[in-house]
Amino acid sequence: MQYYSTNKSAPSVDFKTATIAGQAPDKGLYFPEHIPVFPKKIIENIEGYSNTDIAFEAIKPFVGNCIPDDVLHNIVKETINFSIPLMPINNDIQSLELFHGPTLAFKDVGARFMSRCLSFFLKNEQQKVTVLVATSGDTGGAVANGFFNVPNIDVVILYPSGKVSKVQEQQLTTLGGNIHALEIQGNFDDCQQLVKKAFTDADVTSKLFLTSANSINVARWLPQQFYYFFGYKQWTDKNNAPVIAVPSGNFGNICAGLIAQASGLPITHFIAACNANNTVPNYMANHTYKPQKAIATISNAMDVGDPSNFIRIRTLLAHADKNIHTILSSESISDNITKATIKNVFEQFHYLLDPHTAVGYAALSNYLQQHPSKKGMVISTAHPVKFYDVVTPIIGQPIHLPSIVQSQMNAIKKSTLLPNEYDALKNCLLQLI
Ligand SMILES: Cc1ncc(COP(=O)(O)O)c(C=O)c1O
Ligand SMILES: N[C@@H](CCOP(=O)(O)O)C(=O)O
């Protein structure tokens, strides 16, 4: 598979080059030159295949010959060595729980896959690589965990000061070693802009070999397809494929789902569920893309005003043979509705949603009311315990902190506070050498 830049002014590259570079030299995002067809015979008998075999089939065409099959199979197996169950909430909605990995959020899948691919590619190189990441909460922890102690790799995580949950902050600031956390006095979009600027600064790139572990990197983005296949495998009514609601912020996750669908996975419709950051819902309503300043909400990891993957979604939809509104819709859900949803679902169905998943659940319920013959799946992107300070007062009772979280809460935070100024980041990066 070759990847072209969405800015169309850089040469096409293979998976290895795209992974090591992160972003294309013309500042575009890499996008596959074609969408492969997933074998129909596997879809028709998907329950008969292991998750590892399904994930291997899904990712193999995107990796091409850059990783030998036996190595890739093993990478996939290690990536998904935790459960991803589809749990019923009620008659209409099931929850695909993506929070059973080490950092209790869906990012573990992409981060674990990418760290293993990058470490394979760098095995025989003398090159040391610096992985730069911007996070609104969960990417940082997953990348820290996935890359901790990986030889020849330094990780620098930029996160918005005061805008991530306590558990998220502990996960991304306490490991030490090759993981460096920078607490930026700004919002997530500021962090993302600083990272993008570093990629284009020759003073930095001539001294440090930079790559990204955000979903702009194809090796972080594309494995996020896996769990859409696992969700379908567990979906019993194969004659009525699911409507899937994806809590969305930077739009990498839903974009991976759209790729899985385009490759042949039966999904009736996607809902991009957003919080008050409604850049994409507005675009879907009036076809004008107008990035906005991010607004702080209780689903903080989705506080993104200028989602970097939107260009990929646009690219995909531009090639769709159907009206885009039949493939995708998008809704913005307020904090008040999010809180009411957490409370109602807990009281009625004894299922505890985290604030991000609650946004997805609310948007899905609204859609199903308009389409009563359909059934839905919400992508549960994080464990509620990551947001215990938000969730506990809503349900009026404490929630149990798993032992892994308890020990993280006692670890010592190591981070550097920086103003939202590029020179401050640049100085920090150059000190790494
Ligand atoms: C818990 C949670 N839900 C949803 C999202 C949004 O995902 P994406 O940025 O892929 O749209 C994030 C951030 O990545 C997240 O951490
Ligand atoms: N919500 C994300 C934002 C970054 O998204 P990514 O998928 O592009 O890494 C987070 O939790 O950091």
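Note that the coordinates shown come from a computational prediction; the quantities given were computed from them, not determined experimentally.

Undergrad: Account for the UniProt feature "domain: Threonine synthase N-terminal" (unreviewed entry) in the chain, naming residues and giving values.
TA: UniProt tags residues 2-79 as "domain: Threonine synthase N-terminal" (unreviewed entry). In this annotation, residues 2-79 is assigned 46% helix and 8% strand; the end-to-end C-alpha distance for the span is 23 Å.

Undergrad: Please provide a residue-by-residue account of the nonpolar core, values included.
TA: In this structure, Tyr3, Phe15 and Phe113 are the most contacted members of the largest nonpolar core, which totals 96 residues. No other element matches the eight residues that helix H5 (residues 107-122) contributes to this core.

Undergrad: Can you lay out the layout of surface pockets for me, pointing to particular residues and giving the numbers?
TA: Within this model, the largest pocket holds a volume of roughly 400 Å³. Along the walls of the largest pocket sit 17 residues, with Leu258, Ala262, Leu316, Ala320 and Ile327 positioned nearest its centre. Those elements that provide at least two residues to the lining of the largest pocket are strand S2 (30-32), helix H12 (252-262) and helix H14 (310-318). In terms of residues, the lining of the largest pocket owes the most to one element, H12, which gives three residues. Broken down by class, the residue content of the lining of the largest pocket amounts to 11 nonpolar, three polar and three charged. Of the pockets and cavities examined, the second largest pocket occupies roughly 320 Å³. When residues of the lining of the second largest pocket are traced back to their parent elements, those giving at least two are helix H8 (188-199) and H14. A class-by-class count of the residues in the lining of the second largest pocket yields five nonpolar, seven polar and five charged.

Undergrad: Before we move on, can you summarise the pairing of strand S10 (residues 269-274) with the specific residues and values?
TA: Within S10, six of the six residues are buried, which leaves it mostly tucked inside the rest of the structure. Where burial is concerned, the two faces of S10 agree: the one with His269, Ile271 and Ala273 and the one with Phe270, Ala272 and Cys274 are both buried. Where strand S9 (residues 243-247) lies against S10, five bridges are found, and the strand directions are parallel. For Pro247, the partnering residue across the bridge sits in S10 and is Ala273. Once the chain exits S9 it traverses H12 before rejoining the sheet at S10, and the crossover so formed is right-handed. Where S10 meets strand S11 (residues 328-332), five bridges bridge the pair, whose relative direction is parallel. Of the residues in S11, the one forming a bridge with Cys274 is Ser332.

Undergrad: Just give me the short version of the sheet that holds S10, but keep the residues and values in it.
TA: Across the sheet, six strands lie side by side as S3-S4-S12-S9-S10-S11; this open sheet has mixed pairing. The open sheet has two free edges, formed respectively by strand S3 (86-88) and S11, since each of these has just one partner strand. Strand-to-strand, the axes of this sheet are offset by a mean angle of 25 degrees, without reference to chain direction. One ladder, built from three bridges, connects S9 with strand S12 (residues 376-380); its direction is parallel. Bridging across to S12, Val243 finds its partner in Gly376.

Undergrad: Hey, could you go over the environment of Ile157 for me, with residue numbers and the actual values?
TA: Looking at the element boundaries, Ile157 is found in strand S6 (residues 153-160). For Ile157, a relative accessible area of 0% translates into the label buried. Sequence separation between Ile157 and Ile184 is 27 residues; the distance between their C-alpha atoms is 9.9 Å. What Ile157 contacts, discounting residues up to four positions off in sequence, is Val133, Thr135, Gly140, Ala144, Leu172, Ile179, His180, Ala181 and Leu182.

Undergrad: Describe the pattern of salt bridges, naming the residues involved and giving the relevant values.
TA: Following the criterion strictly, the structure yields 11 salt bridges and no others. For Asp154, the salt bridge goes to Lys128, with nearest N and O atoms at 3.3 Å. Linking Asp154 in strand S6 with Lys128 in the loop between H5 and strand S5 (129-134), this pair joins segments that are 26 residues apart in sequence. Owing to a relative accessible area of 46%, Lys128 belongs among the partly exposed residues under this scheme. Put simply, Asp201 and Lys426 hold a salt bridge, and the shortest N to O gap is 3.1 Å. With Asp201 in the loop between H8 and helix H9 (202-205) and Lys426 in helix H20 (residues 422-431), the pair connects residues that are 225 residues apart, well separated along the chain. Lys426 matches Asp201 in its accessibility class, with the two residues each being buried. In this structure, a network of salt bridges that share partners links the residues Glu169, Glu183 and Lys413.

What counts and what doesn't
Residues numbered from 1 in each chain as written. Chains lettered and ligands numbered in written order. Predicted model: local features only at pLDDT ≥ 70, side-chain atom pairs only at ≥ 80, totals over all residues. Heavy atoms only, no water. UniProt positions renumbered as here; feature names shortened; annotations may be inferred. Helix = DSSP H or I, 4+ residues; strand = E, 2+ residues; numbered from the N terminus. Core = buried A, V, L, I, M, F, W, Y, C linked by side-chain atoms within 4.5 Å. Buried < 20%, exposed > 50% of the residue type's maximum accessible area, 1.4 Å probe, protein only. 1 Å grid on protein atoms, 1.4 Å probe; cavity = no way out; pocket = protein on both sides within 12 Å on 5 of 7 lines; lining within 4 Å. Points joined across faces, edges and corners; volume = space filled by probe spheres on them. Nonpolar A, V, L, I, M, F, W, Y, C, P; charged D, E, K, R; others polar. Pairing = 2+ DSSP bridges. Right-handed = clockwise from strand over helix to strand, strands pointing away. Axes fitted to C-alpha atoms, helices over the stretch in contact; angles between N-to-C directions. Contact = heavy atoms within 4.5 Å. Salt bridge = Lys/Arg side-chain N within 4 Å of Asp/Glu carboxyl O.

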